[in-house]
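Topology and contacts: notes
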Amino acid sequence: MERITSSQQAISLEDQYGAHNYHPLPVVLSRGEGVFLWDVEGKRYYDFLSAYSAVNQGHCHPRIKNAMIEQVGKLTLTSRAFYNDMLGPFEKYITEYFGFDMVLPMNTGAEGVETALKLARKWGYERKGVTENTAKIIVAENNFHGRTTTIISFSNDANARKSFGPFTDGFIRIPYNDIPALKKALEIEGVVGFLIEPIQGEAGVYTPAEDYLRKAKEACSAQNVLFIADEIQTGIARTGSLLAVCGNCTCEGHCEQQETYTKPDILILGKAISGGFYPVSAVLADRNIMEVIKPGQHGSTFGGNPLGATVAMTALEVVRDEKLAQNARRLGKIFRARMQKVADTYPIAKLVRGKGLLNAVVINDTPESSTAWDICMKLAENGLLAKPTHGNIIRFAPPLVMTEEQLHECCDIIEKVISSFN
Ligand SMILES: *Cc1c(COP(=O)(O)O)cnc(C)c1O
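Presented here is a report on the structure given in the accompanying data block. (Residues numbered from 1 in each chain as written. Predicted model: local features only at pLDDT ≥ 70, side-chain atom pairs only at ≥ 80, totals over all residues. Heavy atoms only, no water.)

Pairing in this open sheet of seven strands is mixed, and the strands run E4-E10-E9-E8-E7-E5-E6 from one edge to the other. Edge positions in the open sheet fall to strand E4 (102–106) and strand E6 (171–174), since each of these has one partner strand only. The mean angle between the axes of side-by-side strands here comes to 20 degrees, regardless of whether they run parallel or antiparallel. Here strand E8 (residues 226–230) runs beside strand E9 (residues 266–269); their pairing, made up of three bridges, is parallel. Residue pairing for E9: Ala229 is matched across the bridge by Leu267. Sitting on the sheet, helix H4 (residues 87–98) is in contact with E4, E9 and strand E10 (281–285), with an inclination near 120 degrees to E4. Strand contacts of helix H8 (residues 179–186): strand E5 (136–140), E6 and strand E7 (191–196), with the helix running at about 160 degrees to E6, the strand carrying the most contacts. (Pairing = 2+ DSSP bridges. Helix = DSSP H or I, 4+ residues; strand = E, 2+ residues; numbered from the N terminus. Axes fitted to C-alpha atoms, helices over the stretch in contact; angles between N-to-C directions. Contact = heavy atoms within 4.5 Å.)

Structure, rendered in structure tokens:
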């Protein structure tokens, strides 16, 4: 293997030998610890992306690392042709943690979404009595649920869809954060599910009205339609509570405080469920829904393997023991207050929005302009890594193990860089 001694060398290799399906910032990372990343030249950065919220627990968390190393030396993969001694304990742990009867473990987020779609359709035919092959699932405009052919079938991102057809049928797209539109769509014959991101992360951190999720769930329940929450990015403490559907509930684990918690019929988790160590995703539901899937009807060679189960269980323990939801909630308020001041002072920053430590600053320029990219390049130069989304939006989502002092230092960097663009 060619040994990497400079960033330029690593970039050239990726450029020559790798598919160009991403457009990364020109930073080559070789080490991470907590909220920090280091590039191959040894420069240190604050991470404000957290691998799209997969490393909420911080990079290379020692407790998850040790659990993983221990399990690697014992057993990694059996397939589900046999039982293994970690899957059952993991399934009990995660279902109790989130308050559901059953779980179906997969690997990537997109697989979790695919699983939820299949589950909802099958439930629709076998429990709701929908005519075979006519089920419909309602989705939101500007959704992001992954990259499989079925998932991009109901995306409205032209770049994600162009030349990848033909697409999968059976989806109805309605505006986000629009209850009347949802109620109208729910009247359509054959609707079995409503798939929603509690906050639209990839679209640019769009937070719906405070009561949107609760009203959406009520509307779904009234029509016997499954409310399916994709919390792959918003879940696991990111938005200042265990799940975004917890609303403003601040408790450490699962609870059912009725006034704040909107319980999904199907909950999809991924990303931070394993703290960035290993791809794990999970679909949670109660028994009456999950039991429509029988042996041989769905699966994955790696899904539910003992290594993934161990890593995910430990990563969830860390979230609870280190009170990461509370920290995200507290630091998020400080971050938005400081960024609001920046937006009030410098016209180049238009507005700040978000919840917990999932936030975005909208840059006052067209989506086609390079301003947000240029700001991110300058932030990197100043030791902070963030990535633009949709041209003029910068998402700020650090690991949740950040301290208040570190957050203030980061806000100073962001303020300094934004002021220099004015
Ligand atoms: C990242 C993400 C996915 C897809 O997860 P992958 O692991 O990349 O397949 C799905 N939904 C949401 C909301 C996401 O943020």
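For the rest of this paragraph, the subject is the site of the ligand. By nearness alone, every residue bordering the ligand is listed as Thr108, Gly109, Ala110, Phe144, His145, Gly146, Glu197, Asp230, Ile232, Gln233 and Lys271. The backbone of Phe144 places a nitrogen or oxygen atom 3.5 Å from a nitrogen atom of the ligand. A distance of 2.7 Å separates a nitrogen atom of the ligand from a polar atom in the side chain of Asp230. Burial of the ligand by the protein amounts to 81% of the accessible area it has alone, namely 380 Å². Looking at side-chain class alone, the shell around the ligand contains three nonpolar, five polar and three charged residues. (Near = heavy atom within 4 Å. Polar contact = N/O pair within 3.5 Å; in protein donor to acceptor, adjacent residues only side chain to side chain. Areas by Shrake-Rupley, 256 points an atom, 1.4 Å probe, with all protein chains shown as cover. Nonpolar A, V, L, I, M, F, W, Y, C, P; charged D, E, K, R; others polar.)

Another point: the packing of H4 against helix H11 (residues 306–321). Packed helix pairs are specified by the crossing angle of their axes together with the interaxial distance, meaning the distance between the axes. Where H4 contacts H11, the axes come no closer than 9 Å and their chain directions differ by 30 degrees. Viewed along their axes, H4 and H11 adopt a mutual orientation that is roughly parallel. Note on packing geometry: the crossing formed by H4 with H11 is left-handed. Residues Leu87, Pro89, Phe90, Tyr93, Ile94, Tyr97 and Phe98 of H4 touch H11, and the partners they reach there are Ala309, Ala312, Met313, Leu316, Glu317, Val319 and Arg320. Each residue belonging to the contact of H4 with H11 can be placed in one class, and the counts come to 12 nonpolar, no polar and two charged. (Parallel < 35°, antiparallel > 145°, perpendicular 65-115°, else oblique. Left-handed = near helix turned anticlockwise from the far one by under 90°.)

Now for the packing of helix H12 (residues 324–345) against helix H14 (residues 404–420). At a closest axis distance of 10 Å, the pairing of H12 and H14 adopts a crossing angle of 20 degrees. Judged by the inter-axis angle, H12 sits roughly parallel to H14. Both H12 and H14 take part in a crossing whose hand is right-handed. Across the interface between the two elements, Arg330, Leu331, Ile334, Phe335, Arg338, Met339 and Val342 of H12 pack against Glu404, Leu407, His408, Cys411, Asp412, Ile414, Glu415 and Ile418 of H14. Taken together, the residues of the contact of H12 with H14 break down into nine nonpolar, one polar and five charged.

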